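Letter by letter, the chains look like this.
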Amino acid sequence: MENTMKAVIFEKAGQYAVVDKPVPKIKNPDEILVRIDACSICGTDMQILKDPPGIEAAPGVTIGHEMVGTVIETGDAVKNFKVGDRITADNNVPCGKCYYCKTGHANMCENLFCLGINGDGFFAQYAVIPDRLAVKIDKGLPLDTAIFTEPLNCVMSGMDKIRLLPGETAVVIGAGPIGLYYIQLLKLNGAGKVIAVELNDFRKEYARKMGADLVISPSESEKIKEATNGLGADVVIDAVGACIKDALAFVRSSGRVLLFGMNFAATQTICQTDITRKDLTVMGCYIGIYSWNKTVQLLENIPMKLEEMITHRLSLEEFGTGFEAMKNGSALEVVMYPNGR
Ligand SMILES: [Zn+2]
Ligand SMILES: [Zn+2]
């Protein structure tokens, strides 16, 4: 094995670089060395590379947090993995000691350490991670399906919160990747009607392909009432992060609103009496929690329309191409294969 590898690092505000770095070594007995077979660009990476950054990453750190890999070396204390196992891995390392970790809310950990932000992530040929972050996946699961585990895991946690009943009507605001996962999972969960609200024609087309029963522009919101006997939807999900006002308008009285997307610059003025008077339940949802294994079970057992969301298949060196495509909205899912396809 070579001593150096390619990696994409965060340099400074708005700047990344593809560099040669030493291949990381196992330092603790509970760690595994993983060959990264595929990694994908997420909205979080886009936030890191914004100027000024939406998320502050440590300069020099390898970015990226979505990956599928193969175990190529295990530390002495590793029992659950062996060389050759294919895995996906969570990039969030909770401390296990704080109030939130000890009360079942590790996603709110006060000392959360995120690979790809605070420490080296997965836009590289290799990574060393604690074994507890990894989950083994069926070798028969295609790489281009397994790569969706991380974002789907977050969406699964959102599904857990809204507790959709079969037949219920849901509105999904925004048909980017997150909105498209929600559309599919809502339909799988037995939603009566899923209505997607999206401006962009390219994404509207995908929303239809993914199973949305009705796809409308934000200016056509009266169609939501028409489709729900004048009531509004049982559940509204904001997958954009700036649409609470619309969400409150689209939901029926006593309905549920899930605010999932994040836009750090968004500030909307709402009338909170709309929430009180309509007897609404408004929920936040931040990163997946305890749903990784279930997400792997989902991918291994239920056919989903994921691979067709991949608009770009690139090498690690072509990161810039994927980054630009994400930026200008011509990409949905950009997958890179650091060790070739
Ligand atoms: Zn992600
Ligand atoms: Zn903690």
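Residues numbered from 1 in each chain as written. Chains lettered and ligands numbered in written order. Predicted model: local features only at pLDDT ≥ 70, side-chain atom pairs only at ≥ 80, totals over all residues.

1. Thoughts on the packing of helix H4 (residues 149-162) against helix H5 (residues 177-188)
And then number 1: One way to put it is that H4 packs onto H5 with a least axis distance of 10 Å and a crossing angle of 55°. Classified by the angle between their axes, H4 and H5 sit oblique to one another. Here H4 runs over H5; the crossing is right-handed. Two secondary-structure elements touch here, H4 through Pro151, Leu152, Val155 and Met159 and H5 through Pro177, Ile178, Tyr181, Tyr182 and Leu185.
And then number 2: Considered class by class, the residues forming the contact of H4 with H5 number nine nonpolar, no polar and no charged. (Axes fitted to C-alpha atoms, helices over the stretch in contact; angles between N-to-C directions. Helix = DSSP H or I, 4+ residues; strand = E, 2+ residues; numbered from the N terminus. Parallel < 35°, antiparallel > 145°, perpendicular 65-115°, else oblique. Left-handed = near helix turned anticlockwise from the far one by under 90°. Contact = placed C-beta atoms within 7 Å. Nonpolar A, V, L, I, M, F, W, Y, C, P; charged D, E, K, R; others polar.)

2. Details of the domain arrangement of the chain
And then number 1: Under the domain assignment used here, the chain contains domain 1 (4-148 + 306-336) and domain 2 (154-284).
And then number 2: Of note, the centres of domain 1 and domain 2, computed from C-alpha atoms alone, are 29 Å apart.
And then number 3: Counting from both sides, the interface comprises five residues of domain 1 and, opposite them, five residues of domain 2.
And then number 4: Residue composition of the side of domain 1 that touches domain 2, by class: two nonpolar, two polar and one charged. (Domains from an automatic or database assignment.)

3. Let's talk about the sheet that holds strand E15 (residues 281-284)
And then number 1: What the six strands build is an open sheet, ordered E12-E11-E10-E13-E14-E15; its pairing is parallel. On the outer flanks of this sheet lie strand E12 (214-216) and E15, each paired with one strand and no other. Taking the axes of each pair of neighbouring strands and ignoring which way they run, one obtains an average angle of 15° across the sheet.
And then number 2: The pairing of strand E11 (residues 193-197) with E12 spans three bridges and is classified as parallel. Paired with Val197 across the strands is Ile216, a residue of E12.
And then number 3: Its contacts with the sheet place H4 against strand E13 (233-238), strand E14 (251-259) and E15, and it is angled at close to 155° to E14.
And then number 4: Seen against the sheet, H5 touches strand E10 (169-173), E11 and E13 and runs at an angle of roughly 170° to E11. (Pairing = 2+ DSSP bridges.)

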